[in-house]
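Secondary and tertiary structure notes
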Amino acid sequence: MTDVRVPAPAPGTAASEKEVEKPRDERRAHTWDQPRGGRLVGRYALMIVIAIAVLFPVYTTVISAFKPSDQFLVNPLVPDSFTLDVIREAWTSGRLGRYLFNSTVVAVVITTAQVVTSLLSGYAFAYLRFPGRRIVFYAFLATLLVPLEATVFVNFQTIEAGITLPFSLPIVGDHIPFGGLNSYQALVVPFLATAFGTFLIRQALLDLPIDLRDAARLDGIGHLGFIRHVAVPLVRPTLAALALFSFLSSWNQYLWPSLIINEADSNTVQSGLRLLSKSNLDQPNLVMAGTVIAAIPILIVLVIFQKQLIRGLTAGAVKG
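Quick caveat: nothing in here was measured; it's all calculated off a predicted structure. (Residues numbered from 1 in each chain as written. Predicted model: local features only at pLDDT ≥ 70, side-chain atom pairs only at ≥ 80, totals over all residues. Heavy atoms only, no water.)

1. Remarks on the pattern of salt bridges
Counted according to the given criterion, the structure contains three salt bridges. Where Asp265 meets Arg95, a salt bridge forms, and the shortest distance between an N and an O atom there is 2.3 Å. Linking Asp265 in the loop between helix H12 (255-260) and helix H13 (269-279) with Arg95 in the loop between helix H3 (85-93) and helix H4 (96-127), this pair joins segments that are 170 residues apart in sequence. The class of Asp265 is partly exposed, set by a relative accessible area of 38%. (Salt bridge = Lys/Arg side-chain N within 4 Å of Asp/Glu carboxyl O. Helix = DSSP H or I, 4+ residues; strand = E, 2+ residues; numbered from the N terminus. Buried < 20%, exposed > 50% of the residue type's maximum accessible area, 1.4 Å probe, protein only.)

Here it is as structure tokens:
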């Protein structure tokens, strides 16, 4: 057999320049991914500063919540005294048990409704073909530019008066009431759907192969069957992330509950903390204790669903 040798590229040619530049690029990527020396120290120093800036308010709140009232201003950053009396007083005098129940009901209903409506509307914009689909979708996205404060007055009037229809329905007739003020319906109805969730689910569904929908159609599976058996299992991380965002946003609502609720038993936990601060101006650590109690459900939810949140945020980041 004849020994065939491939000649080496001549210096200055494109092939030789690529061979020289490739190791250099690899070294740069390796240096950035695994910094050493001063760059490593600077990166850790930056992370430490950011961590301190984020955790310092949490630290001061927790320390203040467990310090006696007469020791609140004595060494405020040092945990030199510890008591649970402030937590008990905040729970009883602030009626936080009732407010936590109200917030839980409202947050669960809003989260469930937003996940369902976002899934259905996202599927419609991703797979269905109807006139004006793109215009309607852009109108959905445009609502993200409208702040909540701009819609408060209209929502308040709608909740108070209800909606009068130009036609009559079998159950409600021609008027749909929303429960009026001081009701769960008033806290829930304006947030049953979200444009952000529609956009998020639509983008997740568009990443799925269109062949899946065609195969399901050939097998006689309708839209609801495809959503239940194919779409939901594949976009479950995105649905979990949306559910977590919806729960946190509804739990932390302050403006709308403060406007729509004027009875003590109907308040959510955020409005309850406002009432607690007004009635105990001489005990600021009582509000800190209430804040710690109100944050416990959020911490539990984050710990349980942190994996789903990470999967939902990184879904589609890497294409195989």
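2. Regarding the packing of aromatic side chains
Applying the stated criterion across every chain, the model contains 12 aromatic pairs. Centre to centre, the rings of Phe137 and Phe199 are 6.5 Å apart; their planes meet at 25°, and the pair counts as stacked. Separated by 62 residues along the polypeptide, Phe137 in helix H5 (residues 133-142) and Phe199 in helix H8 (residues 195-206) bring together distant segments of the chain. Owing to a relative accessible area of 6%, Phe137 belongs among the buried residues under this scheme. Given the relative accessible area of 32%, Phe199 is considered partly exposed. With 5.8 Å between their ring centres and 20° between their planes, Phe247 and Trp251 make a pair best called stacked. Residue Phe247 and its partner Trp251 are both found in helix H11 (residues 236-251); the two are separated by four residues, about one turn of the helix. Comparing Phe247 with Trp251, the two get one shared label, buried. Just above the ring of Phe137 sits the side chain of Arg202; from NZ or CZ to the centre is 4.1 Å. The side chain of Arg213 reaches across the aromatic face of Phe226, ending 5.0 Å from its centre. (Phe/Tyr/Trp six-rings, centres within 6.5 Å; stacked < 30°, edge-to-face > 60°. Lys NZ or Arg CZ within 6 Å of the ring centre and 35° of its normal.)

3. Points about the environment of Ile261
Relative to the helices and strands, Ile261 is located in the loop between H12 and H13. Along the primary structure Ile261 and Ser183 are separated by 78 residues, whereas in three dimensions their C-alpha atoms are 7.7 Å apart. Setting aside residues up to four positions removed in sequence, Ile261 forms contacts with Asn182, Ser183, Leu187, Ser266 and Asn267. (Contact = heavy atoms within 4.5 Å.)

4. Concerning the packing of H4 against helix H10 (residues 223-234)
For the pair H4 and H10, the least separation of the axes is 12 Å and the interaxial angle reads 100°. One finds that H4 runs roughly perpendicular with respect to H10. Contacts from Leu119, Leu120, Tyr123 and Tyr127 in H4 reach His223, Phe226, Ile227 and Val232 in H10. Within the contact of H4 with H10, the residues separate by chemical class into seven nonpolar, one polar and no charged. (Axes fitted to C-alpha atoms, helices over the stretch in contact; angles between N-to-C directions. Parallel < 35°, antiparallel > 145°, perpendicular 65-115°, else oblique. Nonpolar A, V, L, I, M, F, W, Y, C, P; charged D, E, K, R; others polar.)

5. A word on the packing of helix H9 (residues 210-218) against H10
As a packed pair, H9 and H10 sit with axes 10 Å apart at the nearest point and diverge in direction by 145°. You can see that H9 and H10 cross each other, and the crossing is right-handed. Of the residues in H10, those in contact with Leu212, Arg213 and Ala216 of H9 are His223, Phe226, Val230 and Leu234. When its residues are assigned to classes, the contact of H9 with H10 shows five nonpolar, one polar and one charged. (Left-handed = near helix turned anticlockwise from the far one by under 90°.)

6. Observations regarding helix H6 (residues 148-161)
Here H6 spans 20 Å end to end across 14 residues, near enough to the 20 Å set by a 1.5 Å rise per residue. In H6, a bend of some 30° at Val154 exceeds every other bend along the element. A positive backbone phi angle near 80° is found at Gly162, which sits one or two residues after H6. (Expected span 1.5 Å × (residues − 1). Bend = angle between axes of the 7 residues up to and from the residue.)

7. Notes on helix H2 (residues 38-65)
The terminal C-alpha atoms of H2, which comprises 28 residues, lie 40 Å apart, in line with the 40 Å expected from a rise of 1.5 Å per residue. Those residues of H2 not exposed but buried are Thr60, Thr61, Ile63, Ser64 and Ala65. In this fold, the buried residues of H2 make contact with H3 and helix H14 (284-304).

8. A closer look at a nonpolar patch on the surface
There is a patch of nonpolar side chains on the surface, built from Leu40, Tyr44, Met47, Ile48, Ile52, Phe56, Tyr59, Leu77 and Val78 and spanning about 840 Å² of accessible area. Here Val78 is to be found in the loop between H2 and H3. (Patch = residues over 30% accessible without salt bridge, like charges linked within 9 Å, V, L, I, M, F, W, Y side chains within 5 Å. Areas by Shrake-Rupley, 256 points an atom, 1.4 Å probe, with all protein chains shown as cover.)

9. Overview of the environment of Val116
Mapped onto the elements, Val116 comes out in helix H4. When its relative accessible area of 44% is taken as the criterion, Val116 is described as partly exposed. In this structure the C-alpha to C-alpha distance between Val116 and Leu239, which are 123 residues apart in sequence, comes to 9.4 Å.

10. Side note on unusual backbone geometry
For Arg95, which is not glycine, the phi dihedral falls at a positive 55°. Taking the relative accessible area as the measure of exposure, Arg95 reaches 37% and is therefore partly exposed. The phi angle at Asn182 is positive, at roughly 60°, despite the residue not being glycine. Residue placement: Asn182 occurs in the loop between strand E2 (173-176) and helix H7 (184-188). Among the residues examined, Asn182 registers a relative accessible area of 18% and is labelled buried.

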